[in-house]
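# Notes for the structure review
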Amino acid sequence: MNLFDALTALLLVLLAWRCLIVPDLFRSIVLFVVFGLLLALTWARLDAPDLALAEAAIGAGVLGVLLLGTWRALGSPRRGETPSSSLPAGLRVLSAAGSAVLAGALAYGLHLLPGTGDGAGTLALETLPLPATGQPVTAVLLDFRSYDTLLETAVLLMAVVGTWLARSPLLDALSSEDATAHTPVMPVLMRLFAPVLLVTGAYLVWAGAYTPGGAFQGGAVLAAAGVLLALGRRLGTAPDAGWLLRLLLVLGVLVFIGAGLLLMPAQNAFMAYPERWAGLIMHLVEYTLAVSIALSLLLLFTGRPGLRGISG
Amino acid sequence: MTEMLPVLAVFLPLLAGVILFLSGPGPGGLWALGGIVLSAAPSLLLVRQVAVMGTIEHLMGGWSVPLGIRLMADGLSALMILLTAVVGVLVSIHALGLFDRRDAASRQFWVLWPLLWGALNALFLSADLFNAYVTLELVTLAAIPLVLLAGSARAVSAALRYLILALFGSMLYLAGVALIYGLTGVLDMQLAGERLAGGGWVVNLAAALMVTGLLVKAAIVPFHLWLPDAHGSAPAPVSALLSALVVKAAVYLLLRLWSGPLLEPLSQPSVAWLLAGLGVAAILYGSVQALRQPRLKLVVAYSTVAQLGYMLLLFPMAGLLAWQGVIYHGVAHGVAKAALFLAAGNILYQIGHDRIVDLRGSGTVLAVSFGTFAIAGISIMGLPPSGGFLGKWLLLQATLGAGAWWLALVILAGGLLAAGYVFRVLRAAFQLPDSDAEGMEPPVRHIGPLMRWPALVLALLGIALGFAGEPLLALLGDMPGGAG
Amino acid sequence: MMGLDVYAIAAAVLVGLGFHGLITQPHPLKRLLAVNVVGNGVFLALIVLARRLPDGPDPIPHAMVLTGIVIAVSATAFGLALVRRQARDAEERDD
């Protein structure tokens, strides 16, 4: 415990507080993105580099773009000051008191927890040399608790379908009104950064087995390349997804389920892989998942089922 | 084969959803039908095997607990999976008539619904605290887009409110899971339960967070505000699935935690009575609101708020009778409520509105739909012979056995109020038009047999449940973990 | 005893702040931000918990947080689509 940690923790709380309290929506969003970035730094500091990457790429990055885009798309009367609370003052005080009790109880509860943990975590670190992946978090995600990971990719698919059903495509709303694509900087940015992002994303996916990174972090960076291309008008939306796009969107889930189900009769357990093939299968799962995740995140941004390339 | 069934019950519906997603636009009632069969078959086989062999377990990835995730199908899981399959198949048939796969939006029903089915089965089979969080999110995020199929501005607002509250509820639940992991170092429900024995302040806090989160998700008063809007504005098959199955998912997890890792904190008399008090409030408030609603679907939606309240009466009773009564009530309500929503949807579809004051005289024209409504109403009111009666009867015996006669009075009052809101609708419908002014207008649209009969079959099943107590309660078995 | 950890305190305060924001803020976008603040508080608590093992950070809470982030972002992205749609519906009503 030192001054640096105390200041970081204090700053996190202050940023969150300002983010929720400022009336101006734009500033609120910017504060939230800064909060996310500081959170990523905090997690790197707390020995969680994988999560720092994920928070920076997905939490602050992808979500930041979506938040700012949504702010632009809201239309002038709704994007300015948000109405302050309509709750009567008494209820607001009550809510503040309740929140303080909640925070106090949680802090006290965390304080009371035993200082060492003995259980699944220790076991995971001990078992680690066994599975095909060397990185502890990757081993948990793709092996010990791969079932959670599989279900979570289904959540992503549901969010994409839900976004289509909301019928409020973000990219179309942005390109109909704004001029980002016409600023001279945009094409340069795009030419410069899109390839860099593609390479970085691919590296993160590949390296995930051995160093921090993985399908989610890499996929998010790949999606960022796509977002850049879309903002630079190299990618546009289409009303319907072609079969290839649909296939790529669910490829990760299909490979994951397929490998699990096909090998189940021989292995007597779902998602248990024979030792010789385990490494190969997990890599295949990781690469295909990254593709599906990247596309899903990109479609959450564009907001319509189809994509089309625009030459120019 | 047997130990594969829990996996298949989760992944064949998910696979069906993915395949229907891939199959793209175009006609394809047959594709949808195939998806239904693929989803229902492993569920029914699993239920049969549980009935024959008792609890079935599967260790995911072959990793034993606490490292891996355990799936467990016991009597309670099997009963919920059976409810999902039966309601699911019949609602699907109704939906085959309503949602045309050629329409871009309707097509997504056939993607989201199998995914929701798989997610529900995954939740009912989960024996892991964190995995239960993931499956709960899966259920929520499959369910909310379905509300949007109505396409109305009202549905969009309802979906957004539902999403924000559901997300908050699951974060509270996750905070509780974090504390439990901090205490025990494990996520498996049974292991965590063993290590939590003895309780303590942190266990109480974790229980409070998890239970509050689940109450928000289950729309228990005072967290009910999103439910009537969402369930009232969604298309009929979606409302049926939400009311019969999705809100039950959160209540199921609550019962699972009570009968497992959180038994001690939730059995303290003050907590048990607080939860039962919320249940009483839900029963009375929901029923009174249902009596006052101007629209048919809102009556049915508020009735769900009320009927969920009965499930919280379990906590202070805590005997086998109460356990059986509460779960039987949940199953019977699921079947009857699905029938009510499909019938209400058919009425809305045929006459173009569901304003109760303007239903006058429509009962004779739409005899099947209102007949379905009346039959399903018998189970909701808890009149014999019906599943609703059996559930409430067991619960009444439990309350009287525990000397809580005033809870018995609440149960009876809830039944009377339910009779009030069901008869209010029927009276409006079967009232003869004023003098000879104008007869009842002919229906705006006609419904086909696919939409007409599943509702009636569900309503009749609600009655049949009154006679099926023995095999179903045998399937349910004793309380898990020897609770109570 | 985990002892007095500033990050654990910050995690708890974030949960409280988010809860207060959820109750008092009427704008749906801000309510979404508030729920995310709650979530980030919970994630921070999990990461603090993961540091208790002697042989390096506990990978299980880390995996839980990664799963949680993906779920929260997916749900929030969908929520934002609903916010945009709601605003458009309101505009059409005003016209």
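Residues numbered from 1 in each chain as written. Chains lettered and ligands numbered in written order. Predicted model: local features only at pLDDT ≥ 70, side-chain atom pairs only at ≥ 80, totals over all residues. Heavy atoms only, no water.

### A look at the overall build of chain C
What chain C contains, in helices and strands, is 3 helices and 0 strands. Seen in sequence order, chain C has helices and strands lined up from the N terminus as α-α-α. Its C-alpha atoms give chain C a radius of gyration of 17 Å, clearly above 12 Å, the size a compact globule of 95 residues would have. If one aligns the C-alpha atoms of chain C with their principal axes, the spans along those axes are about 65 × 25 × 10 Å. Buried positions account for 79% of the 95 residues belonging to chain C. Sequence-distant contacts in chain C: of pairs separated by 6 or more residues, those separated by 24 or more amount to 57%. If you sum the accessible surface of chain C, you get close to 2400 Å²; carbon and sulfur atoms cover 55% of it. Positive and negative side-chain charges of chain C, numbering 8 and 8 respectively, have mean locations separated by a distance of 2 Å. (Helix = DSSP H or I, 4+ residues; strand = E, 2+ residues; numbered from the N terminus. Rg over C-alpha atoms; globule rule 2.2 N^0.38 Å. Buried < 20%, exposed > 50% of the residue type's maximum accessible area, 1.4 Å probe, protein only. Contact = heavy atoms within 4.5 Å. Areas by Shrake-Rupley, 256 points an atom, 1.4 Å probe, with all protein chains shown as cover. Lys, Arg positive; Asp, Glu negative; His and termini not counted. Charge placed at Lys NZ, Arg CZ, Asp CG, Glu CD.)

### A word on the confidence of the model for chain C
Detail in the predicted coordinates should be disregarded across regions flagged by low pLDDT. Taken over all residues, the pLDDT of chain C has a mean of 92, while the share at 70 or more is 95%. Ranking the elements of chain C by mean pLDDT puts helix H3 (residues 59-94) of chain C last, at 93, and helix H2 (residues 28-49) of chain C first, at 97. (pLDDT = per-residue confidence, 0-100.)

### Brief notes about the interface of chain C and chain A
Across the boundary between the two partners, chain C contributes 70 residues, which contact 84 residues of chain A. Interface area, chain C with chain A, both sides summed: about 7000 Å², of which 75% is carbon and sulfur. Taken as a group, Tyr7, Leu66 and Arg84 of chain C account for 11% of the area that chain C buries against chain A, more than any other trio of residues on that side. Elements with a minimum of two residues in the side of chain C that touches chain A: helix H1 (6-24), H2 and H3 of chain C. Here the element with the most residues in the side of chain C that touches chain A is H3 of chain C; it accounts for 26 residues. Looking at the side of chain C that touches chain A residue by residue, the classes come out as 44 nonpolar, 15 polar and 11 charged. (Buried area = accessible area lost by both parts, 1.4 Å probe. Nonpolar A, V, L, I, M, F, W, Y, C, P; charged D, E, K, R; others polar.)

### Concerning the interface of chain C and chain B
Contact residues are listed per partner, giving 31 residues for chain C and 27 residues for chain B. For the pairing of chain C and chain B, the buried interface totals around 2600 Å² over both sides, and the portion due to carbon and sulfur atoms is 83%. Looking at the side of chain C facing chain B, the largest losses of area belong to Met64, Phe78 and Leu82 of chain C, adding up to 21% of the total buried there. Linking chain C to chain B there are 0 salt bridges. Taken together, chain C and chain B are joined by 4 residue pairs in polar contact (both at pLDDT 80 or more). Listed by contribution, the elements that provide at least two residues to the side of chain C that touches chain B are H1, H2 and H3 of chain C. (Salt bridge = Lys/Arg side-chain N within 4 Å of Asp/Glu carboxyl O. Polar contact = N/O pair within 3.5 Å; in protein donor to acceptor, adjacent residues only side chain to side chain.)

### Regarding the nonpolar core
Counting residues in hydrophobic clusters, the biggest one holds 346 residues, and the most contacted among them are Trp43 and Tyr147 of chain A together with Phe11, Phe109 and Tyr173 of chain B. Among the elements that make up this core, the one with the highest residue count is helix H6 (residues 153-184) of chain B (21 residues). Contact partners of Phe11 of chain B, with chain neighbours within four places excluded, come to Tyr147, Leu150, Ile257 and Phe270 of chain A together with Met60 of chain B. (Core = buried A, V, L, I, M, F, W, Y, C linked by side-chain atoms within 4.5 Å.)

### What about the packing of aromatic side chains?
A complete count under the given rule lists 20 aromatic pairs over all chains for this structure. The ring of Tyr349 of chain B carries Arg445 of chain B above its face, with NZ or CZ at 3.9 Å from the centroid. (Phe/Tyr/Trp six-rings, centres within 6.5 Å; stacked < 30°, edge-to-face > 60°. Lys NZ or Arg CZ within 6 Å of the ring centre and 35° of its normal.)

### Concerning the pattern of salt bridges
Evaluation of the coordinates by the stated rule reveals 16 salt bridges over all chains. Across the pair Asp240 of chain A and Arg107 of chain B runs a salt bridge whose closest N-O atoms are separated by 3.3 Å. In this pair, Asp240 of chain A is assigned in the loop between strand S1 (235-238) and helix H12 (243-267) and Arg107 of chain B in helix H4 (residues 104-125), connecting two distinct chains. Where Arg256 of chain B meets Asp74 of chain B, a salt bridge forms, and the shortest distance between an N and an O atom there is 2.8 Å. Here Asp74 of chain B lies in the loop between strand S2 (70-73) and helix H3 (75-98) and Arg256 of chain B lies in helix H10 (residues 236-258), a separation of 182 residues in the sequence. The pair formed by Arg256 of chain B and Asp74 of chain B is uniform in burial state, with each residue classed as buried. One salt-bridge network, held together by shared partners, links Arg145 and Asp148 of chain A together with Asp128 of chain B.

### What about the packing of H6 of chain B against H2 of chain C?
At a closest axis distance of 10 Å, the pairing of H6 of chain B and H2 of chain C adopts a crossing angle of 10°. Judged by the inter-axis angle, H6 of chain B sits roughly parallel to H2 of chain C. Here Leu160, Ile164, Leu167, Phe168, Met171, Leu174, Ala175, Ala178 and Gly182 of chain B of H6 of chain B lie close against H2 of chain C, whose contacting residues are Pro28, Arg31, Leu32, Val35, Val38, Gly39, Val42, Phe43, Leu46 and Leu49 of chain C. Split into classes, the residues belonging to the contact of H6 of chain B with H2 of chain C amount to 16 nonpolar, 2 polar and 1 charged. (Axes fitted to C-alpha atoms, helices over the stretch in contact; angles between N-to-C directions. Parallel < 35°, antiparallel > 145°, perpendicular 65-115°, else oblique.)

### Comments concerning the pairing of S2 of chain B
All names here are of chain B. By the alternation rule, side chains of S2 split into Arg70 and Met72 and Leu71 and Ala73, which are all buried. Examined bridge by bridge, strand S1 (residues 56-59) and S2 share 4 bridges and lie antiparallel to one another. Bridge pairing in S2 places Ile56 opposite Ala73. (Pairing = 2+ DSSP bridges.)

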